[in-house]
Structures are given as C-alpha cells and as structure tokens.
Amino acid sequence: MPYPVRVIPGSDAAIETLGLRKAYRSVRGRAVGVDGLDLRVPVGGVHALLGLAGSGKTTTLRLLTGLARADGGAMKIFGTHVPDGLPDLAGRIGAVVGAPGFQARLSGRRNLALLASAAGVPRTRVDEVLTRVVLTDRARAAYGTYSVDEERRLALAAALLRDPDLLVVDDPSAGLDAVGTREIRQALRRLADQGKTVLVATGVLTEAQQIADTVTVLDEGRILAQGTVAELLGDAKVSVRVRVDEPGKAATALRAAGFTVRADGDALHVDGVVEPADISRALAKQKLFASELVPQREDLAAVVGRLRPVVPPTPTQPTRAEERAARKAADHKAAERKKAADQRKAEKDAAAKQAAADAGAAEEAAAKQAASEARAAAKEAAIAERAAAKEAAIAERAAAKEARRSARKPAVSLAGRSAGGSAGSAVAPTGERAAAAAVSKPADGAASRKPGPKEAEKADAKADPGRAAIEDKAAKKTNASVPGGHQATQRDQGQQTTGRPGPPQGQGNKRSKGRR
Amino acid sequence: MTGLLWAELRRFGVRPAIRWIAAAMLGHVALAVALTAFAPEASTLAAMLEQGQISFYALTSVFLAYVAGVLLVTGDAASGGTRALLTVEPRRGRVYWSKLAAAGVAVIPGVAAAYALLASGMYWVHARAHVLGGPPSELVEAMTWSGVRVLALAVFAAVGGAALGVLVRRWWVAVSLAVAWFLVEELVLNTRFPGDWFPFTNSDAWVRGTRTVLSGDGLLAVPLVHSALVLLGITVVLALLGAVVFRRRDVR
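Residues numbered from 1 in each chain as written. Chains lettered and ligands numbered in written order. Predicted model: local features only at pLDDT ≥ 70, side-chain atom pairs only at ≥ 80, totals over all residues. Heavy atoms only, no water.

Per an unreviewed UniProt entry, chain B goes by the name ABC-2 type transport system permease protein and belongs to Promicromonospora soli.

The line we're drawing: UniProt positions are given in the numbering used here, feature names are shortened, and annotations may be inferred rather than shown by experiment.
Under an unreviewed UniProt entry, the name given to chain A is ABC transporter domain-containing protein, and the source organism is Promicromonospora soli. In UniProt, chain A has this text filed under Sequence similarities (unreviewed entry): "Belongs to the ABC transporter superfamily."

So, in structure tokens, the structure goes:
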C-alpha cells in the first residue's frame with residue numbers, strides 16, 4: 001500500500017470512500033482539497049457532486065481516477081481498492097476531468113484514434129462513439145477548429161471509448177451555450193438510463209436538479225449532505241418576492257392561507273411555493289393586488305448555507321503573545337475612554353461657566369434696566385409733583401383772586417343796598433364752588449352721578465393731585481414687574497381716564513404712555 | 001505498450017517545437033558544411049575526425065535531441081496528453097516508460113538525417129578539394145561508426161532529457177540545467193579534476209571514438225566502454241528517479 005488505507009467493508013456501491021483526505025502544499029501554504037470524505041455513490045443513475053468553487057469536487061474526481069494521490073483514507077470503485085486496483089478497472093472507467101489534452105493540429109477522429117490505440121480499443125469503436133456524441137460531421141476537422149461544445153462532446157466520446165460502466169465527468173456544461181448544455185445533459189441522462197453509473201461534479205444547482213438522481217453536497221472538502229435530489233434540493237419549490245400596497249395585511253392574509261412569509265423591507269418573501277398563482281389567489285380574496293410577483297429559485301449558495309451546520313465557536317486558550325496584545329488593547333481602550341470622559345467633563349464645565357456668566361450678565365442688565373426705570377419714574381414723579389404743585393398754586397392763586405373778587409362784589413352791593421349779613425353768607429358758598437370748579441373742572445354729567453368707592457378715591461386724589469401721580473407711577477411700575485400687569489395698568493388707566501379725566505392726571509398718563 | 005508508444009510518437013511528431021528542433025539540427029550541420037566548403041584545404045577530413053571537429057558539430061545535434069526529450073514531457077500540451085492517456089490507461093509505469101521510449105525513438109530520424117548531411121557534406125567538400133587525408137574506405141567506415149555513436153548518444157540524451165523534464169516539470173529549468181552544467185564542467189571542473197566521470201567529456205570521447213588523458217605514463221587512450229557506461233549510468237539514474245516521481249506525483 002503506498003499510503004495508509006482504511007479497509008472498507010464490501011458493499012454494492014459503485015463508489016465508496018472512507019475518510020478520504022487530500023491537501024495541496026505550495027510555497028503559499030497548505031490548502032485542503034478534501035477532508036475526511038465519506039462518499040457513497042450507488043450503482044446506476046446520475047450522482048452529482050454539488051458544491052461551490054473550492055469545495056473539493058474536482059479533487060474528489062481526480063483522486064478517484066488516479067490523477068492525484070490521496071494523503072489518507074480509502075477508496076473503492078466497484079469493490080476494487082483504488083488507486084492500486086485501477087489497472088484492473090481500466091476498461092470500466094471513463095473520465096472527463098480537466099482539459100482533454102487533444103492535439104489541435106490533429107482531427108477529432110485522429111485524436112480519438114490515438115487514444116484508442118493507447119487503450120487497445122479497435123478503430124471501429126472510434127466511429128461508434130463519434131456517432132453517439134453526434135460529432136461525425138466534424139470528425140475530420142482539426143481539433144483546433146472545434147467550438148467549446150464540440151470539444152466537450154469529443155472529450156465525452158474519448159471517455160466512452162471503452163464503453164465504461166462508470167463515467168466520471170467534471171463540470172459537464174462548463175463553457176457551453178444553452179443548446180450544448182441541454183444536449184450534454186440529455187446525453188448523460190441517457191447513459192444513466194442505459195444502466196451506467198454517471199458521476200458528475202457540478203457547481204450548477206439546476207444541473208443537479210435536472211439530471212441527478214442522488215446528490216452529495218460538498219463544502220470546504222467535507223460532505224454537508226448526501227441523499228436524493230428531491231430530499232436535499234427539492235425539485236420545483238421556489239421563493240416568491242411579492243410587493244403590495246399593504247404588506248402587513250398581505251402578510252397576515254398569506255399566513256392565513258398557509259404560506260411561509262418573511263418581510264424584507266417593503267417586500268414580502270413567500271418561501272416554499274409550489275404554484276406562484278396561489279399567492280395571487282390568496283391576496284385577491286382579501287382584495288389585495290400585488291404590484292410585483294417574482295418567483296426566485298433557491299441558488300446553490302443558499303442550499304449550502306442551509307445545509308451547513310452551525311458550529312458554536314470553541315473557546316481556545318490564548319497564547320502569551322495574544323494575552324499581552326489583549327491586555328495592551330484593553331489598556332489602550334480604557335485610556336481612550338478616560339480621555340473621552342475628561343473631555344466631556346471639561347466641555348460640561350465650560351458650558352456651565354458660560355451659562356453662569358450669561359445669567360450674571362442678564363441679571364446685571366436687568367438691574368441696570370430697573371435702576372434706570374426707577375430713576376426715570378422718580379424723575380417723572382418729581383416733575384409731576386412740581387407741575388401739580390405749580391398747578392395747585394396757580395389754582396390757589398386763581399381761587400384766591402376769585403374769592404377776593406367775589407368778596408369785593410358783595411361789599412360793593414352791600415354798600416349800595418345796605419343789605420344784611422345773610423347775603424354775604426349766600427355769596428361766600430358761591431365763591432367757594434367757583435373756586436372748586438376752577439380747580440377740578442368737572443366733566444359733563446359727572447356731578448349728576450352718584451360717586452362709587454373708586455370715585456371716592458379719585459375724589460381724594462383730586463384733593464391731592466401730586467400724591468395721585470406718584471401712586472399712579474408706582475402702580476405702573478408694579479404692573480411692569482408683574483406679568484400681565486401692563487394690561488391691568490391700562491385697564492386702570494382706562495377707568496381713571498373715564499372716571500377722573502382731570503388735566504393733571506391726563507397729562508401724567510400721556511407722559512407715561514409716551515415714555516413707554 | 002506499442003499503442004501507447006505510437007500515440008506518444010504521433011503526439012510528439014505534431015508538436016511545432018519538435019519540428020523547429022529538427023530544422024535547427026539540419027540548419028546547423030548545413031552551416032558547418034558550408035563554412036568548411038569555403039576553405040576545405042585548412043584541414044583534411046582525417047584530421048578533422050581525429051581532432052574532434054566532426055564530433056563537435058554532431059554534439060550540437062545531440063543537445064537538440066536532449067531539448068526535444070525535455071519538451072516531450074513538459075508544457076501544457078504534454079500534461080494534457082498525459083492526463084488523457086492516464087484516463088484510458090491508468091498504469092502509470094507503462095505511460096512513463098512509453099514516454100521515455102518515444103523520446104528516444106523520436107529523435108533518431110532527425111539526428112540521423114543531420115549526421116548524414118554533416119558526414120556526406122564534409123566528405124564531398126574534402127574530396128572535391130582532394131584533401132581527404134586518408135583512404136576513403138577507412139574514412140567512410142570511421143564516419144559511419146561515429147554516426148552510430150552519435151545516434152546512440154542522442155537517444156540517451158533524449159531519454160535523459162525526458163526523465164529530467166518529468167523531474168523538474170519545466171522545460172526551461174531542464175535546458176538551463178544542462179547549459180549550466182556544461183559551462184561548469186568545461187570552465188571549472190575539467191581544469192581541476194580528471195574528467196573521467198563527467199558527462200560532457202565522456203560524450204565527446206564517445207562520439208570521437210577515442211580519448212586521451214594525461215597520466216603518469218603519458219597520453220593514454222580511454223576505452224570507449226568507459227564513456228558508454230558513464231553515459232548509460234547517468235541516463236538510467238535519471239530515468240529511475242523520474243519513474244519514482246511520476247508514479248507518486250499528481251498529474252496536473
């Protein structure tokens with residue numbers, strides 16, 4: 001045995017591997033090809049090795065055909081251990097792995113004839129396989145003039161030269177157009193229907209779904225799942241993207257209809273749909289109409305993602321260097337956090353200081369304003385007092401003058417008529433009323449009204465106009481400092497204006513309004 | 001095995017590089033004959049055979065045969081062909097030995113043609129100038145045997161080249177190794193050590209048919225069998241190493 005081989009018990013599988021391992025080493029490092037592959041391919045039918053690029057499909061085929069040597073594990077083909085038993089299987093295996101390596105200057109037929117002579121196959125077999133792959137017309141043309149489709153068909157013909165029981169094909173539809181892809185898939189399917197075992201490595205999900213009976217899904221050199229295509233991949237189920245005006249209501253309706261719905265932004269994804277028309281029907285029953293209904297088949301990446309086991313992360317003991325690095329990182333992080341906190345605190349303090357300074361400035365400004373207002377009020381009060389005093393003095397003088405004049409008139413009439421003292425007493429009240437009228441100048445009708453309590457106050461104020469002006473100013477100031485006081489003052493002023501519209505008061509009001 | 005050999009020979013024959021190598025062999029000897037024709041009286045044919053000028057011209061063809069052997073097993077076309085053969089004939093040993101055999105067989109026509117052109121041209125040039133330097137029958141016999149030895153050496157060279165190509169995988173590495181070894185042997189080793197075991201010295205002696213070495217008793221002729229055994233041994237060792245590697249190595 002050239003390398004350690006584990007014994008596989010006898011079975012009826014066409015291909016069986018046990019713990020197959022292969023790694024590629026280069027100057028860039030070690031890359032895993034396959035890692036512990038336990039493959040089982042039944043006899044007959046098409047078996048697909050399905051996986052993304054780098055999953056180990058081609059490596060598996062190369063190991064099975066003897067083009068590469070395994071690092072470990074065991075392989076059996078038709079019950080024979082390989083690669084040691086490959087010479088015994090020479091006529092039973094045909095393979096298309098990698099570029100076929102035909103000579104461009106030779107015709108397709110000539111290339112096949114060379115391989116036939118190397119394999120000890122009669123020449124007549126060459127024409128048979130050319131007919132089988134529908135390449136007879138182009139058989140005499142130089143291989144260099146072949147299309148990709150024809151190259152693939154010639155490679156398939158070469159693999160069929162010895163009429164193998166097992167056909168191994170790597171990526172059968174690579175580089176082919178739609179027609180070529182369909183033809184080669186049909187050809188592989190026909191071979192399987194004839195009883196051959198066909199092992200296909202492919203990265204195309206639909207290819208596996210269309211032609212394979214059984215499938216092995218590979219990922220990073222390991223088997224994710226093995227089984228029938230219907231079990232693992234499904235054959236007709238799709239996911240449908242739906243857009244409606246009311247996604248919430250639509251989701252409820254679809255769930256009620258038995259669909260699996262998941263929201264994706266303003267669209268809904270309905271999974272596992274057999275017939276997309278059922279979605280339209282379910283929505284229409286609720287008077288909902290889809291603006292978009294797009295069936296989406298599950299792709300290979302989704303299948304691999306679905307089948308890939310979720311491995312919980314295993315805690316590993318960190319090395320000393322890693323611990324040092326982690327400590328350093330933590331210290332650095334803490335220092336950063338502290339620095340940020342300090343900076344935030346400094347900013348906060350600065351903001352508080354600024355606010356305090358603003359408040360002090362505002363208070364100072366308010367105090368200044370209040371002082372200036374108080375000074376202005378005192379000044380006005382003084383002016384009003386002086387004016388009132390002046391007016392009072394004028395009125396007093398006028399009253400005195402009037403009194404003197406009226407006192408002089410009765411004296412003249414008394415002297416002329418020789419009247420008694422009653423006349424003098426009658427004149428005296430008249431003179432006092434005139435003096436009072438000269439001082440107050442009452443409005444029309446004011447004398448006819450019965451004075452209320454306020455009017456009584458006003459009457460008191462009338463008696464002392466200077467004091468009234470001071471009180472008025474004080475009231476205005478109080479109103480200015482109290483919210484809504486301004487309106488109250490105006491109201492009071494209105495009452496004062498209507499109730500006591502004397503000249504001194506009117507002047508005072510006008511001044512205060514003008515100042516304001 | 002015959003089918004494998006035939007397949008390899010067919011593949012070998014259709015490769016453009018091989019055709020260019022055959023053309024180079026013929027062109028080289030034609031040039032040598034043409035240059036000699038300008039001054040045939042400079043040296044007689046017998047003297048040229050004795051001094052090793054004919055063998056020098058022939059060794060160029062041997063080197064080209066080595067390159068052809070390397071090219072048979074290296075490059076994309078060769079690896080593709082090997083892969084295709086292994087899918088229909090999984091016995092690696094058979095495939096490997098058929099390749100080496102094909103390399104040895106494939107160079108025979110080209111080298112034979114080149115040597116025939118060289119020998120007949122030289123003879124004709126010197127005969128025309130009446131400077132053969134010996135009896136014609138003896139000269140023809142000596143040149144014929146020299147031709148046979150050149151052919152044998154070319155086969156060894158091609159087989160050794162194919163084996164080295166399998167070992168190093170890249171044609172330019174194998175060719176560079178041969179050129180580098182030639183320079184080292186001629187410029188360094190031959191001046192310090194006796195060249196009894198060096199491949200190029202023995203190749204020259206083999207083609208020339210005799211070899212003189214300096215010993216305590218003066219100049220002595222080294223028997224041909226020694227050179228033959230050295231060259232055969234080198235070829236066998238390379239072929240066996242190649243076989244071991246080919247059996248175990250992955251085919252790209």
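**Describing the overall build of chain A**
Definition in use: Strands are runs of DSSP state E lasting at least 2 residues, helices are runs of H or I lasting at least 4, and numbering of each runs from the N terminus. The buried label goes to any residue with under 20% of its type's maximum accessible area, the exposed label to any with over 50%, and the partly exposed label to all in between, with areas taken from a 1.4 Å probe on protein chains only. Whether two residues are in contact is decided by their heavy atoms, any of which lying within 4.5 Å being enough. Here the Shrake-Rupley method, with its probe set to 1.4 Å, supplies the accessible areas, and only the displayed protein chains count as covering residues.
Looking only at helices and strands, chain A features 16 helices and 15 strands. Across the 516 residues in chain A, those meeting the buried criterion constitute 37%. Within chain A, contacts between residues separated by at least 24 positions form 67% of all contacts whose residues are at least 6 apart in sequence. On chain A, roughly 29400 Å² of surface is accessible, and the fraction owed to carbon and sulfur atoms is 54%.

**So, empty space enclosed by the protein**
Defined as follows: Only protein atoms enter the calculation, which uses a 1 Å grid: trapped sets of points that fit a 1.4 Å probe without letting it out are cavities, open sets showing protein on both sides within 12 Å along at least five of seven lines are pockets, and any residue with an atom within 4 Å of a point is a lining residue. Grid points are joined across faces, edges and corners, and a volume is the space filled by probe spheres set on the points. In this classification, Asp, Glu, Lys and Arg are treated as charged, Ala, Val, Leu, Ile, Met, Phe, Trp, Tyr, Cys and Pro as nonpolar, and every other residue, Gly included, as polar.
If you walk through the whole model with that rule in mind, you get 7 cavities of 30 Å³ or more. Size it by volume and the second largest cavity reaches roughly 130 Å³. Along the wall of the second largest cavity there are 15 residues; nearest its centre are A95(A), V96(A), P100(A), A84(B) and T87(B). Of all the elements in the fold, those that place two or more residues in the lining of the second largest cavity are β7 (93–96) and α4 (148–159) of chain A together with α5 (76–88) of chain B. When residues in the lining of the second largest cavity are grouped by element, the largest group, 4 residues, is from α5(B). Classifying every residue of the lining of the second largest cavity gives 12 nonpolar, 2 polar and 1 charged.

**Here's the deal with the interface of chain A and chain B**
So the rule is basically this: Here's the idea: put two parts together, see how much 1.4 Å probe accessible area each one loses, and the total over both is what we call buried area. Each reported salt bridge corresponds to a side-chain nitrogen of Lys or Arg within 4 Å of a carboxyl oxygen of Asp or Glu. In protein, a polar contact requires one atom able to donate a hydrogen and another able to accept it; more generally it is a pair of N or O atoms within 3.5 Å, and residues adjacent in sequence count only if both atoms are side-chain atoms.
Contacts between the two partners involve 29 residues from chain A and, on the opposite side, 27 residues from chain B. Taken over both partners, the interface formed by chain A and chain B buries close to 2400 Å², and the fraction arising from carbon and sulfur atoms is 53%. Across the chain A-chain B interface, the total number found is 1 salt bridge. Put simply, K22(A) and D250(B) hold a salt bridge, and the shortest N to O gap is 2.6 Å. Counting across the interface, chain A meets chain B through 10 residue pairs in polar contact (both at pLDDT 80 or more). Of all the secondary structure elements, the ones that give two or more residues to the side of chain A that touches chain B are β1 (15–26), β7 and α2 (108–119) of chain A. It is α2(A) that contributes the most residues to the side of chain A that touches chain B, 6 residues altogether.

**With respect to the sheet that holds strand β14 (residues 267–273) of chain A**
Residue and element names in this part refer to chain A. Using the following cut-off: Think of it this way: DSSP has to see at least two bridges between two strands before they count as a pair. Axis definition: a line fit to C-alpha positions, over the contact stretch in the case of helices; interaxial angles, taken between N-to-C directions, run 0 to 180 degrees.
Read across the sheet, 4 strands follow the order β13-β14-β12-β15 without closing on themselves; strand pairing throughout is antiparallel. In this open sheet, the two strands that pair with only one neighbour each are β13 (260–264) and β15 (292–296). Strand-to-strand twist of the sheet, defined as the mean angle between neighbouring strand axes without regard to direction, takes the value 25°. Pairing analysis gives 5 bridges linking strand β12 (residues 238–243) to β14, with the strands arranged antiparallel. Along β14, the bridge assignment pairs V238 with V273. Along the sheet face, helix α8 (residues 247–256) touches β13 and β14 and points at about 15° away from the line of β14. Of the strands in this sheet, β12, β14 and β15 are in contact with helix α9 (residues 277–285), which crosses β12 at around 35°.

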